[in-house]
Amino acid sequence: MGISVIPGLFDEGSLPASDDSCKTLADVRKTGKNYRHPDSALIRYPLVVADEEGIGSVPIGDDYLNIAIIGAGVAGIASCYELSRLGNMNRIKLTMYEADPANCIFTSDATQFALDTEGKKAGRVFAARSYDITDNLKHDHTVYEIGAMRFPEIAGLTWHYVGEVYGNDKTVKVFPNPGKVPTEFVFGNRTDRYSPEAWLDEHSPTKCVRDIVRSGIFGSATGKDVSYFPIGGIDPAKISAELKNEHTSVARLEQIRDSWKCFVSIYDGLTLEMAVRKVVREEIQRLPNVDGLGEGSSEDKINYYSELFGCFGFGTGGFKSIQKTSLAEMMRLLLWDYSNEFSLPEEVKENVEFVKELFLKSIRNGLYVKTKKARVCDVCHSGRNGKALVFSYSTDPDDKNTQSAAKMDEYDFVILAIPPKQLNSMISRAGFSNTAAKFIRFGDHNRPHEQDILARPPLVLSKAFDGPNAEIFTAVNQAHLITSSKIFLTMTKEDLLKYAPKFNGTEEKHAIKAIVSDCGLASTYFVPSPIFEKNAKKAKKGDPVYYSLMLSYNWEEDTKRMQHQFFQYPINKDASDENKKMIEAAIERTVRHVKDPETGEYKPWWFGELLRNAKLSDGLSHDWTTDYTAGAFKLDTPGCQYNSSLCFRYHTHALDCSLDNRFFLAGDSYSHLGGWIEGAFISAVNAVTGLVTAANHGRVNCLTPEARKVILSLDNVVRYPIE
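Student: A description of the environment of I256 should follow, citing residues and the corresponding values.
Tutor: Its place among the elements puts I256 in helix α7 (residues 250-267). Taking the C-alpha atoms as reference points, I256 and S645, separated by 389 residues in sequence, lie 17 Å from one another. Here I256 is in contact with I239, E242 and L243, once residues within four sequence places are set aside.

Spelled out as structure tokens, the structure:
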């Protein structure tokens, strides 16, 4: 679901953009296999999990190791899978808590709505099936990927796990992002059409500002250093190339790690918008004049181009609504530097199937797993025996025993794989003082546990001082989460081709299939139905072919501006008049006159004409802002770096076994790739690596050599003396 940056979108050597562009899983796994992230420059995460024996072993004892995972999203299920691969994993008993009864780990074939979402959820990986019923038979049209819909080629852990489930010979296709297919950009009186092969106007001010801002921030991978924001005196593009190169020496990686820390300390207070405006201001003489906005370094001209970049970004959608993100956070995504995003293999009808298969593979590996439909309200350490305590209420609709009090369960270790806005209230009840346990009654207001429990804080970084324990709570509580929303419709290919202009050719593949605009819808995608691609051979002559039209993919302020039109939260998916009004209100934003890029005339926008005249069905909207169980995705604003890093490194507390800290964090919000399931996978590896270390009383020789780096190459979160 994350922000697509793709700084090298039109670089020479990027994959062609035709609908037939595809690679095998083996191909894409090579791209991200050796990539290191700047915050963990010595760790190649795909290699950490590549060992057939898993990342390490839990100790053999007289009793089973009782472990709980709270949350069955990507991070929770990946943690479950890695636990199933550990040495001596037959000594583990695992309980997975999930509050949403419709999660994919709970088997259900029920169909409750015209848009079927039952059993198609795993945190932010969430799908809906568009269909109709004719002659009492269900006919599927297309799939809406409400959550994770595309996967960067550089996402090494993601493709590792996809390969684990489906094998390496399966084919994946390039996702039709803006810029990867013929695309139209509309900004005020400016309209551009472009594709990887060409721009309609090769001298377009949009193209010019994109190139200049990209160069001014990211620099050059091969030429002289030109970035205004170098890392260790070198263009970030060159650093990115070194992070991808498997032959980069350990000594050089250590230099990059240290240089990155210096970069963050310098630029953590700078926003993306401030960086863009600096580049535009410094390079103003290279930008073309804008009629009526003055010459030279006119503030009007600087503002125009800064706003234009805010709408266009690097070509995949506007950044205006996330311009307050820190430059350091945005640089992480730039250093990830991918040119292509792919769909999952053709065998996958909905992306959540992959996550569910990973969960089932854990069970087939022999791991004992018990699933609980329950909402966890509180967690803490027991003040009596040090074990981890979990308090929960059942959410099972079939559970006839109404819980008047929170149920308490005891575990050896717990992985907290839930978003910050769920977690922050769960971890605060026990306070922060670890010097003496307190008697506390846990649970919801007026429905607490039956008795007071002797408890210590759940997240512990010091036995002697309250401050460090409060610090990690603050880090979770203050995570900056970006909100987003999506609006979907189903339409026929026939209607699309009837109205969509063709760019750079006359064939069907040259029709405009992506739009980036300033009309309040942000980015629009026309995605061919994966169902009809798979069933093409079975289709009858004359059968309609469908597209999944993601009418709007909005972020942050743009999402909040539309919230007054959302009638149900977080999802509208029925045929009610309110839902129709919401869809109609979004469509009305496209009914406008725009300047035709070929003739220069102002005329009704073809996109508005398409939406007003085409047959549209199965409207659906989802506002992630109001989705309590999945939430938003983390992007640091200035000043967030310290807290963000603390969450990412939290598992390193396992080295200090005297803390007896039994909790670990997992989820993309605790990684440096907020919104991407790659970040969720990374955090899961961190959590399991820490858990294995803690289970072995801080001894890292229980881990494989690559896994030890996950613990030892990061700065330890425990910095205070133990008394």
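Student: Now, about the pattern of salt bridges: what can you tell me, with residues and values included?
Tutor: Here the structure, examined in full by the defined rule, presents 44 salt bridges. The partner of E307 in a salt bridge is R277, and the shortest N-O contact between them spans 3.9 Å. Note that E307 is positioned in helix α9 (residues 299-312) and R277 in helix α8 (residues 272-282), a separation of 30 residues in sequence. When salt bridges that share partners are traced, they join D39, E329, R332, K634 and D636 into one network.

Student: With reference to specific residues and values, describe unusual backbone geometry.
Tutor: The backbone phi angle of D337 is positive, close to 40 degrees, even though this residue is not glycine. Looking at the secondary structure, you find D337 in the loop between α10 (327-336) and β12 (341-342). Under the relative-accessibility criterion, D337 is labelled buried at 16%. Positive phi, close to 55 degrees, is recorded for D618, a residue that is not glycine. By the secondary structure assignment, D618 is in strand β29 (residues 617-623). You can call D618 buried: its relative accessible area is 18%.

Student: Describe the sheet that holds strand β25 (residues 546-555), listing the residues and the values that go with them.
Tutor: Spatially, the 8 strands line up as an open sheet ordered β11-β10-β23-β24-β25-β22-β29-β26, and their pairing is mixed. In this open sheet, the two strands that pair with only one neighbour each are β11 (190-194) and β26 (571-572). Bridging between strand β22 (residues 484-492) and β25 involves 9 bridges; their strand directions are antiparallel. Pairing of M491 across the sheet is with Y547, part of β25. Each of β22, β25, β26 and β29 touches helix α17 (residues 577-588); the most contacted strand, β22, lies at about 90 degrees to it.

Student: Got a sec to walk through the packing of helix α5 (residues 205-218) against α8? Specific residues and values, please.
Tutor: Taken N-terminus to C-terminus, the directions of α5 and α8 make an angle of 110 degrees; their axes are 9 Å apart at the nearest point. It follows that α5 is roughly perpendicular to α8 by the angle criterion. The two elements α5 and α8 cross, and the hand of that crossing is right-handed. Every residue of α8 that contacts α5 at I212, V213, G216 and I217 is listed here: L272, A275, V276, V279 and V280. For the contact of α5 with α8, the class distribution of residues is 8 nonpolar, 1 polar and no charged.

Student: So what's going on with helix α1 (residues 25-32)? Which residues, and what values?
Tutor: Inspection of α1 places L25, V28, R29 and G32 among the buried residues, and these make up the whole buried set. Buried residues of α1, viewed axially, fall in a sector of 105 degrees; they line one side. Residues of α1 that are buried sit in contact with β1 (22-24), α2 (45-48), α4 (156-166), β9 (171-173) and β12.

What counts as what
- Residues numbered from 1 in each chain as written.
- Predicted model: local features only at pLDDT ≥ 70, side-chain atom pairs only at ≥ 80, totals over all residues.
- Heavy atoms only, no water.
- Helix = DSSP H or I, 4+ residues; strand = E, 2+ residues; numbered from the N terminus.
- Contact = heavy atoms within 4.5 Å.
- Salt bridge = Lys/Arg side-chain N within 4 Å of Asp/Glu carboxyl O.
- Buried < 20%, exposed > 50% of the residue type's maximum accessible area, 1.4 Å probe, protein only.
- Pairing = 2+ DSSP bridges.
- Axes fitted to C-alpha atoms, helices over the stretch in contact; angles between N-to-C directions.
- Parallel < 35°, antiparallel > 145°, perpendicular 65-115°, else oblique.
- Left-handed = near helix turned anticlockwise from the far one by under 90°.
- Nonpolar A, V, L, I, M, F, W, Y, C, P; charged D, E, K, R; others polar.
- Arc of directions from axis to C-beta.

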